[in-house]
Number of protein chains: 2
Amino acid sequence: MNDTNRRWYLAERPTGEPDAESFELREDDVPEITAGELLVRVTYLSVDPYMRGRMRDRKSYAEPWDVGDVLKGRIVGEVIESNSEQYDEGDFVTGEGTWAEYSVLDADDVVPADPEVADLPAYLGVLGMPGRTAYFGLLDVGEPQPGDTVVVSGAAGAVGSVVGQIAKLNGCRVIGFAGSDEKTRWLTEDLGFDAAVNYKETDDYRSALDSVAPDGVDVYFDNVGGPITDAVFTKLNLDARVAVCGQIAYYNDETVPTGPRKLPMLIAPRAKVQGLLVSDYATRFGKANEQLATWVANGEITHRETTVEGLENAPDAFLGLFSGDNIGKQVVRVAE
Amino acid sequence: MNDTNRRWYLAERPTGEPDAESFELREDDVPEITAGELLVRVTYLSVDPYMRGRMRDRKSYAEPWDVGDVLKGRIVGEVIESNSEQYDEGDFVTGEGTWAEYSVLDADDVVPADPEVADLPAYLGVLGMPGRTAYFGLLDVGEPQPGDTVVVSGAAGAVGSVVGQIAKLNGCRVIGFAGSDEKTRWLTEDLGFDAAVNYKETDDYRSALDSVAPDGVDVYFDNVGGPITDAVFTKLNLDARVAVCGQIAYYNDETVPTGPRKLPMLIAPRAKVQGLLVSDYATRFGKANEQLATWVANGEITHRETTVEGLENAPDAFLGLFSGDNIGKQVVRVAE
């Protein structure tokens with residue numbers, strides 16, 4: 001164990017796209033733990049798009065960070081001190097920690113992360129919050145039926161890549177939008193998507209959809225917003241379902257963005273559009289975790305993580321989410 | 001019976017707001033009927049906003065009218081010749097007819113309109129398609145719960161005025177947006193709305209909502225779109241439901257209108273937005289008709305119609321819908 005604990009703080013609230021000025025790395029003491037707590041050496045840290053919202057001084061579903069707060073996020077790591085009978089030193093666990101080398105977690109708030117079952121980063125992706133978001137968002141909000149055409153934006157991301165594979169397991173035709181040929185190849189060649197569109201190669205998404213989704217769209221799982229979403233809404237079939245999981249296109253906007261009005265497009269198809277947060281499904285996380293782990297173990301779901309090395313590069317890893325640097329889940333390796 | 005039958009035709013497809021050039025009144029022969037048909041003298045004709053969509057050369061939920069077609073619409077009238085055992089001369093019926101003095105309807109496609117139960121125009125409003133739209137749209141899509149705040153746009157219209165009253169019967173707090181003081185007074189003094197906003201008296205609808213809906217919005221029944229809707233979306237409560245019934249603000253637009261993007265606003269409240277068409281509920285029309293008739297008979301639902309006199313003024317009655325001339329249901333009196 002080090003003598004000191006490097007931790008990332010919110011240095012200032014960003015306006016528009018965050019940059020290095022928004023973050024400050026400080027050296028603190030390694031924290032003490034009290035009854036029921038675990039001291040965890042962070043192995044991997046998760047950076048996620050929703051964290052941009054926590055940088056704003058505005059109440060939302062995730063509590064805003066104050067300037068001077070240590071940044072929080074999902075971590076996976078090794079218990080190096082335990083004040084709980086539930087975990088021993090050397091156990092690996094995952095839960096809500098901090099952007100830090102060492103993080104204190106309550107034993108009741110973590111779950112085991114068995115390196116025998118999956119590589120540790122998977123616990124931040126397919127076996128973590130993004131996997132569960134895909135699971136409940138697609139199955140509960142999207143309600144995919146065999147034969148449905150399912151379109152996913154941000155399809156090569158942590159959530160989208162799992163959404164598409166669960167849709168395939170449910171007998172759907174699956175189309176992904178992603179931002180590079182490497183990503184679209186991954187979707188169609190490795191994940192079994194029926195088609196994928198590199199959205200940087202065209203701006204005529206309606207024609208692209210005519211080509212890859214000639215029968216229209218039954219389910220749209222939206223992680224992105226913007227012109228892809230605008231196009232998909234013109235292709236919604238009768239009784240279409242739209243799961244609004246994320247709208248990363250606007251997370252750095254300081255004013256309300258404008259675009260084509262969509263409510264008129266919902267009437268003829270009687271389409272349903274619903275916002276989703278995975279925390280609403282907490283009582284069913286156990287079942288989802290089990291199902292996702294089975295799919296991964298059977299090879300029915302493929303996963304991938306993009307790793308940035310070193311806690312000092314965590315802000316870069318986070319900012320890379322907005323330029324689509326990641327394929328699959330973006331994680332930061334904090335320790336070996 | 002007259003020797004001739006005046007009927008309205010689509011003379012040309014309007015661009016933007018229709019005007020007199022879009023319509024042509026012709027004198028035809030009174031039609032003959034065949035087996036199973038009824039010749040009905042039209043007493044009242046319904047004009048409805050959705051008809052604007054039928055004037056476009058674009059497939060939608062209602063079949064487009066071709067130039068040269070007789071215009072269609074719901075009518076209530078008297079059977080003057082019957083080729084069906086189901087109805088006798090002198091019976092009053094309601095169904096899908098034409099903008100005409102005489103209309104031929106299939107006996108299987110009409111229902112009785114008993115003048116003892118309600119005045120004839122009510123069969124085009126609260127006891128007709130608008131009433132059923134309110135019933136299913138609010139109850140099935142809006143899912144109002146006691147204590148919910150329900151906001152209705154176009155609240156003094158044929159659908160909105162019934163929506164608000166059904167919401168009150170379900171124990172909700174009800175707020176209406178309407179376009180004149182006469183309308184807002186009608187809503188609060190006669191229909192029991194808890195509050196009503198004259199949207200022509202302010203353009204700060206967010207402040208208006210803060211005042212009349214301080215606890216936020218649980219159900220929004222939207223007939224209109226535009227800036228009222230934009231404001232309501234900023235006030236959606238957790239698990240809010242939005243029923244998109246109509247978007248009359250845009251029906252005369254020739255290009256896709258733009259406005260504040262709303263999908264980002266759905267995530268934090270996990271709001272559900274759904275388009276609705278009453279025809280989806282056809283198997284349950286009987287029950288809805290019965291319930292609405294009971295409410296009307298008991299005085300639990302108040303209704304009102306705005307009557308334009310004379311078939312020759314039907315286009316004006318239709319165009320008046322877009323300037324909000326009507327309070328309650330807009331009908332045209334074609335015969336005494």
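Residues numbered from 1 in each chain as written. Chains lettered and ligands numbered in written order. Predicted model: local features only at pLDDT ≥ 70, side-chain atom pairs only at ≥ 80, totals over all residues. Heavy atoms only, no water.

Peer 1: Just give me the short version of the sheet that holds strand E14 (residues 272–275) of chain B, but keep the residues and values in it.
Peer 2: The strand order across the open sheet formed by 12 strands is E10(A)-E9(A)-E8(A)-E11(A)-E12(A)-E14(A)-E14(B)-E12(B)-E11(B)-E8(B)-E9(B)-E10(B), and the pairing between neighbours is mixed. Strands with a single pairing partner mark the edges of an open sheet, and in this sheet they are strand E10 (195–198) of chain A together with strand E10 (195–198) of chain B. Ignoring which end each strand starts from, the neighbouring axes of this sheet average 15 degrees apart. In this sheet, strand E14 (residues 272–275) of chain A lies alongside strand E12 (residues 236–244) of chain A in parallel orientation, the contact comprising four bridges. Across the sheet, residue A:Arg241 finds its bridge partner in E14(A), namely A:Lys272. With respect to the sheet, helix H2 (residues 129–142) of chain A is in contact with strand E8 (149–152), strand E11 (217–222), E12 and E14 of chain A, its orientation differing from that of E11(A) by roughly 145 degrees. (Pairing = 2+ DSSP bridges. Helix = DSSP H or I, 4+ residues; strand = E, 2+ residues; numbered from the N terminus. Axes fitted to C-alpha atoms, helices over the stretch in contact; angles between N-to-C directions. Contact = heavy atoms within 4.5 Å.)

Peer 1: I'd like a rundown of the relation of the copies chain A and chain B, residues and numbers included.
Peer 2: With an RMSD of 0.0 Å, the operation that places chain A on chain B is a rotation of 180 degrees combined with a shift of 0.0 Å along the axis. When the rotation and shift are considered jointly, the pair of chain copies conforms to a two-fold rotation axis. No C-alpha of chain A lies nearer the rotation axis than that of A:Val273, which sits 2.5 Å from it. Counting the interface residues of chain A, we find that 100% of their copies in chain B are interface residues as well, pointing to one common contact surface. (Least-squares fit on C-alpha atoms with pLDDT ≥ 70 in both.)

Peer 1: Tell me about the interface of chain A and chain B, and name the residues and values.
Peer 2: The partner chain B presents 36 residues to the 36 residues of chain A that form the contact. Overall, the association of chain A and chain B removes approximately 2800 Å² of surface from exposure, summing both partners, and the carbon and sulfur fraction of that is 63%. In terms of surface lost to chain B, no three residues of chain A exceed A:Arg261, A:Ile267 and A:Arg270, which account for 29% of the buried area on that side. On inspection of chain A and its partner chain B, the count reaches four salt bridges. Counting across the interface, chain A meets chain B through 14 residue pairs in polar contact (both at pLDDT 80 or more). Mapped onto the side of chain A that touches chain B, the elements with two or more residues apiece are helix H6 (226–233), strand E13 (258–260), helix H7 (263–267) and E14 of chain A. (Buried area = accessible area lost by both parts, 1.4 Å probe. Salt bridge = Lys/Arg side-chain N within 4 Å of Asp/Glu carboxyl O. Polar contact = N/O pair within 3.5 Å; in protein donor to acceptor, adjacent residues only side chain to side chain.)

Peer 1: How would you sum up the pairing of strand E16 (residues 329–333) of chain A? Please name residues and give values.
Peer 2: All names here are of chain A. The element E16 is largely enclosed, with a buried count of four among its five residues. Both strand E3 (residues 37–46) and E16 contribute to a ladder of three bridges, which runs antiparallel. Across the sheet, residue Ser46 finds its bridge partner in E16, namely Val331. With five bridges connecting them, strand E15 (residues 305–309) and E16 associate as parallel partners. Its bridge partner lying in E16, Glu305 is registered against Lys329. (Buried < 20%, exposed > 50% of the residue type's maximum accessible area, 1.4 Å probe, protein only.)

Peer 1: Give me the packing of aromatic side chains: which residues, what numbers.
Peer 2: All names here are of chain B. A complete count under the given rule lists 20 aromatic pairs over all chains for this structure. Taken together, a centroid distance of 6.2 Å and an interplanar angle of 85 degrees make the contact between Trp8 and Phe23 edge-to-face. Within this pair, whereas Trp8 is found in strand E1 (residues 4–10), its partner Phe23 is found in strand E2 (residues 23–29), the two being separated by 15 residues in sequence. Given the relative accessible area of 8%, Trp8 is considered buried. (Phe/Tyr/Trp six-rings, centres within 6.5 Å; stacked < 30°, edge-to-face > 60°.)

Peer 1: Help me get a handle on the domain arrangement of chain A, residues and values and all.
Peer 2: All names here are of chain A. What the domain assignment lists for chain A is domain 1 (4–125 + 304–333) and domain 2 (133–279). Centre-to-centre, using C-alpha coordinates, domain 1 lies 28 Å away from domain 2. Note on domain 1 versus domain 2: buried area summed over both sides is about 1300 Å², and carbon and sulfur give 57% of it. It is Arg56, Arg304 and Ile327 in domain 1 that bury the most area against domain 2; as a group they hold 33% of the surface buried on that side. (Domains from an automatic or database assignment.)

Peer 1: Go over the UniProt feature "domain: Enoyl reductase (ER)" (unreviewed entry) in chain A, please, and point to the residues and values.
Peer 2: In the numbering used here, UniProt assigns the "domain: Enoyl reductase (ER)" (unreviewed entry) feature to residues 16–332 of chain A. Here residues 16–332 of chain A runs as 26% helix and 27% strand, with 23 Å between its end C-alpha atoms. (UniProt positions renumbered as here; feature names shortened; annotations may be inferred.)

Peer 1: Before we move on, can you summarise the environment of B:Phe318 with the specific residues and values?
Peer 2: All names here are of chain B. Note on placement: Phe318 falls in helix H9 (residues 314–320). Judged by relative accessible area, Phe318 falls into the buried class, the value being 0%. For the pair Phe318 and Ile248, spaced 70 residues apart in the sequence, the C-alpha separation amounts to 12 Å. The residues touching Phe318, leaving out its near neighbours within four places in the chain, are Pro18, Phe23, Val47, Asp48, Met51, Arg52, Met55 and Trp99.

Peer 1: How would you explain empty space enclosed by the protein if you had to name every residue and give the values?
Peer 2: It is a probe the size of a water molecule, rolled over the atoms, that shows where empty space is left. Throughout the structure, instances matching the rule amount to three cavities of 30 Å³ or more. Taken as a whole, the largest cavity encloses approximately 180 Å³ of empty space. In terms of residue count, helix H6 (residues 226–233) of chain B provides more of the lining of the largest cavity than any other element does, four residues in total. Tallied by class, the residues present in the lining of the largest cavity amount to 14 nonpolar, nine polar and five charged. Here the second largest cavity defines a volume of roughly 50 Å³. Every residue along the wall of the second largest cavity is listed here: A:Gly125, A:Val126, A:Ala158, A:Ser161, A:Val162, A:His303, A:Arg304, A:Glu305, A:Gly328 and A:Lys329. Of the residues in the lining of the second largest cavity, the class split is three nonpolar, four polar and three charged. (1 Å grid on protein atoms, 1.4 Å probe; cavity = no way out; pocket = protein on both sides within 12 Å on 5 of 7 lines; lining within 4 Å. Points joined across faces, edges and corners; volume = space filled by probe spheres on them. Nonpolar A, V, L, I, M, F, W, Y, C, P; charged D, E, K, R; others polar.)

Peer 1: Give a description of the pattern of salt bridges that names residues and reports values.
Peer 2: Within the structure shown, the criterion is met by 42 salt bridges over all chains. A salt bridge links B:Asp230 to B:Lys262; its shortest N-O distance comes to 2.6 Å. In this pair, B:Asp230 is assigned in helix H6 and B:Lys262 in the loop between strand E13 (258–260) and helix H7 (263–267), connecting sequence segments 32 residues apart. Grouping residues by exposure puts B:Asp230 and B:Lys262 together as buried. When salt bridges with common partners are traced through the structure, they connect A:Arg6, A:Glu101 and A:Glu312 into a single cluster.

Peer 1: Tell me what's going on with helix H3 (residues 160–169) of chain B, and back it up with residues and numbers.
Peer 2: Residues and elements named next belong to chain B. Judged by how many residues are buried, H3 sits mostly within the fold: eight of 10 residues are covered. Burial in H3 covers these residues: Gly160, Ser161, Val162, Val163, Gly164, Gln165, Ile166 and Ala167. Of the surrounding elements, those touching the buried residues of H3 are helix H2 (129–142), strand E8 (149–152), strand E9 (173–178), helix H4 (181–190), strand E11 (217–222) and helix H8 (285–297). Once H3 ends, the next one or two residues include Gly171, with phi positive near 80 degrees.

Peer 1: Break down unusual backbone geometry for me, with residues and values.
Peer 2: Residue and element names in this part refer to chain A. Of note in the backbone geometry, Glu143 takes a positive phi value of approximately 45 degrees without being a glycine. Within the fold, Glu143 resides in the loop between H2 and E8. The exposure class of Glu143 is partly exposed, given its relative accessible area of 36%. Even without being a glycine, Arg270 presents a positive backbone phi close to 50 degrees.

Peer 1: So what's going on with a negative patch on the surface? Which residues, and what values?
Peer 2: Together, A:Asp29, A:Glu32, A:Glu81, A:Asp88 and A:Glu89 give the surface a local cluster of negative charge. Inspection of the secondary structure assignment puts A:Glu89 in the loop between strand E4 (72–82) and strand E5 (92–98). (Patch = residues over 30% accessible without salt bridge, like charges linked within 9 Å, V, L, I, M, F, W, Y side chains within 5 Å. Areas by Shrake-Rupley, 256 points an atom, 1.4 Å probe, with all protein chains shown as cover. Lys, Arg positive; Asp, Glu negative; His and termini not counted. Charge placed at Lys NZ, Arg CZ, Asp CG, Glu CD.)

Peer 1: Tell me about the packing of H2(A) against helix H8 (residues 285–298) of chain A, and name the residues and values.
Peer 2: Residue and element names in this part refer to chain A. Between H2 and H8, the least distance of the axes is 10 Å, while the angle of their chain directions is 105 degrees. With respect to their mutual orientation, H2 and H8 come out roughly perpendicular. Taking contact as the criterion, the partners of Gly131, Arg132, Tyr135 and Phe136 in H2 are, on H8, Phe285, Lys287, Ala288, Asn289, Gln291, Leu292 and Trp295. Residues of the contact of H2 with H8, tallied by class, amount to six nonpolar, three polar and two charged. (Parallel < 35°, antiparallel > 145°, perpendicular 65-115°, else oblique.)

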